[in-house]
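# Coordinate analysis (summary)
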Amino acid sequence: MKKTLTLAALSIMTVSAFSQALTTVEKVDNFPSIGKSIIVGLDTEPDASILPGTAGDNKVWDFTKLSSSQEDTLEVALASNSPYKAKFPKATHVLINKSLGSIGNEPFVFNSYSYFTEGQDFITGYGLASPNLFTRSDVDLLYINPPAKQNLKYTYGATIKDTLYNTIVLKRGAFLYEEDYDSLRSDSKIIGTDVVDARGTMKLPGGASYEALRVKSTSLNTDNYIGYIGGQPVKFTDNYTTESYYWVAKNIGTDLVTLDYSDNEVVSATYYKRSFVTKVQPEYLSTVTTVYPIPTSDILNVDLALRTGESAQVVLKDLAGKVLVVPSIKDGMNYQLEVNNLPAGIYLLTVTQGDKSYSKPVMINN
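Because the structure is predicted, anything quoted here is derived from the model rather than measured. (Residues numbered from 1 in each chain as written. Predicted model: local features only at pLDDT ≥ 70, side-chain atom pairs only at ≥ 80, totals over all residues. Heavy atoms only, no water.)

### A short note on the overall build of the protein chain
For the protein chain, the count of helices and strands is zero helices and 25 strands. Out of the 366 residues belonging to the protein chain, those deemed buried represent 48%. The long-range fraction of contacts in the protein chain, counting pairs at least 24 apart against all pairs at least 6 apart in sequence, stands at 63%. Summed over all atoms, the accessible surface of the protein chain reaches about 17,200 Å², with 50% contributed by carbon and sulfur. (Helix = DSSP H or I, 4+ residues; strand = E, 2+ residues; numbered from the N terminus. Buried < 20%, exposed > 50% of the residue type's maximum accessible area, 1.4 Å probe, protein only. Contact = heavy atoms within 4.5 Å. Areas by Shrake-Rupley, 256 points an atom, 1.4 Å probe, with all protein chains shown as cover.)

Laid out in structure tokens, this is it:
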């Protein structure tokens, strides 16, 4: 099973010829050291030639037609320096996934934080915190209970079976199956099987070529939901199966490519593009801990997760980038913005610290 937390070594591989077929991939570095970053591309409409192929030896996967509509940056930091450390007190490291996007002409950065500790040839994942742009919930939390170990070593012909339990908590509003919830919680059981069923040569955009192993991943998922609408509880269960394929190679650490399936079609692909070493430990915006209520028609509250000595500027902009509202009340790390005179629509809450900026879309209902 390909777990939610994919935390592995992210280093540049020197392309070379292998005298023998690849048998084992050990993610030697386990995950990027602090100060190393990796760029991955997301292709949401893969070319028809992007197919997983069949199992067996001496395969050639030509994925040179992958094209990224979005690039994400992965960085590792000490958990103690992260905004949500208190939610995962046993974690020692955090993987920060920075997704770049835009609404109108305004760019925004969407950060998620995966918490873990490292072992000799495995990691232990504790959970994930993710400010969510789609569910109208400020911060989504995923807890893995009990904490789950993820294998960092793959051998051709091996089968890896595992069971994962997690809990997702959405607060201050959630949207699921065409319903708006005041809050929503899901408790999930995922029974997964990973089969290392093929080996061969992987070709990626730009001409890079890697000797790789293919892993077919299937999982049986049971999600038990309890939500509240107008104070009344709503319970339901969802059972479904997922399938994906991913490829690993020596000294890369992260997956070369991951293909997600739906109705027997490849619906998206994520692939390795490049990695680099930064001069200093990656710094990231502490950003917003809570923004509420969303939507609002009167007051927008903003609670920041600033570290000692930090300061930030908070403004509300239209989609063209024009500043419309500044805080009327500032009390430490808590801000209030009066929005009752704004027309209904989507606006951008922007938080700036130094030369870094974070924007979050908010709905105004006037």
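That shown, we press on.
### Concerning the pairing of strand 8 (residues 139–151)
Two strands pair when backbone bridges link them, and strand 7 (residues 122–131) and strand 8 are joined in this way by nine bridges, in the antiparallel orientation. If you follow Gly127 over to strand 8, its bridge partner there is Tyr143. Of the pairings in the sheet, the one linking strand 8 to strand 10 (residues 159–170) comprises five bridges and is antiparallel in character. Residue pairing across strands places Asp140 opposite Leu170, the latter belonging to strand 10. (Pairing = 2+ DSSP bridges.)

### A closer look at a nonpolar patch on the surface
The grouping of Leu319, Ile346 and Met363 at the surface amounts to a nonpolar patch, some 210 Å² of accessible area in total. Relative to the elements of secondary structure, Ile346 occurs in strand 24 (residues 345–353). Judged by its relative accessible area of 41%, Ile346 falls in the partly exposed class. (Patch = residues over 30% accessible without salt bridge, like charges linked within 9 Å, V, L, I, M, F, W, Y side chains within 5 Å. Salt bridge = Lys/Arg side-chain N within 4 Å of Asp/Glu carboxyl O.)

### Description of unusual backbone geometry
Going from Asn145 to Pro146, the amide bond is cis rather than trans, its omega being 5°. With respect to the helices, strands and loops of the structure, Pro146 is situated in strand 8. Phi at Asn58 is positive, roughly 55°, even though this residue is not glycine. Examined against the element boundaries, Asn58 turns out to sit in strand 3 (residues 56–62).

### A word on the pattern of salt bridges
Between side chains of opposite charge, a pair can form when the charged atoms approach closely. Evaluated as defined, the whole model comprises five salt bridges. Put simply, Lys273 and Glu71 hold a salt bridge, and the shortest N to O gap is 2.6 Å. Taken together, the residues Lys273 in strand 17 (residues 265–277) and Glu71 in strand 4 (residues 70–78) connect sequence positions 202 residues apart. Of the residues examined, Glu71 reaches a relative accessible area of 28% and is grouped as partly exposed. Between Asp197 and Arg214 there is a salt bridge, with the nearest N and O atoms lying 2.7 Å from each other. Separated by 17 residues along the polypeptide, Asp197 in strand 13 (residues 183–203) and Arg214 in strand 14 (residues 209–229) bring together distant segments of the chain. Residues joined in a network through salt bridges with shared partners are Glu71, Lys273 and Arg274.

### A look at the nonpolar core
Core analysis: the biggest nonpolar cluster contains 28 residues, and Phe63, Met202, Trp247, Leu256 and Val257 have the highest contact counts within it. Of all the elements, strand 17 adds the most residues to this core, at four residues. When near neighbours in sequence (up to four residues on either side) are disregarded, Leu256 contacts Met202, Leu204, Tyr210, Ala212, Trp247, Ala249, Thr270, Tyr271 and Tyr272. Within the second largest apolar cluster, 18 residues are counted, among which are Val291, Val302, Leu337 and Val362. (Core = buried A, V, L, I, M, F, W, Y, C linked by side-chain atoms within 4.5 Å.)

### Focus: the environment of Glu211
Here Glu211 shows up in strand 14. Considering only alpha carbons, one finds Glu211 and Val248, 37 residues apart in sequence, at a separation of 8.6 Å. Of the polar contacts made by the side chain of Glu211, one reaches the side chain of Thr201; its length is 3.0 Å. (Polar contact = N/O pair within 3.5 Å; in protein donor to acceptor, adjacent residues only side chain to side chain.)

### A short note on the packing of aromatic side chains
A full pass over the atoms with the stated rule returns nine aromatic pairs. Taking the centre distance of 6.0 Å and the plane angle of 80° together, the rings of Tyr154 and Tyr246 count as edge-to-face. With Tyr154 in strand 9 (residues 153–155) and Tyr246 in strand 15 (residues 232–249), this residue pair connects regions lying 92 residues apart in the sequence. What makes Tyr246 buried here is its relative accessible area of 0%. Where Tyr210 meets Tyr272, the ring centres are 6.5 Å apart and the plane angle is 85°; that geometry is what we call edge-to-face. One end of the pair, Tyr210, is in strand 14; the other, Tyr272, is in strand 17, and 62 residues separate them in sequence. Given a relative accessible area of 6%, Tyr210 falls into the buried group. Residue classification places Tyr272 among the buried residues on the basis of a relative accessible area of 4%. By the ring-pair criterion, three or more aromatic residues cluster together here, those being Trp61, Phe63 and Trp247. (Phe/Tyr/Trp six-rings, centres within 6.5 Å; stacked < 30°, edge-to-face > 60°.)

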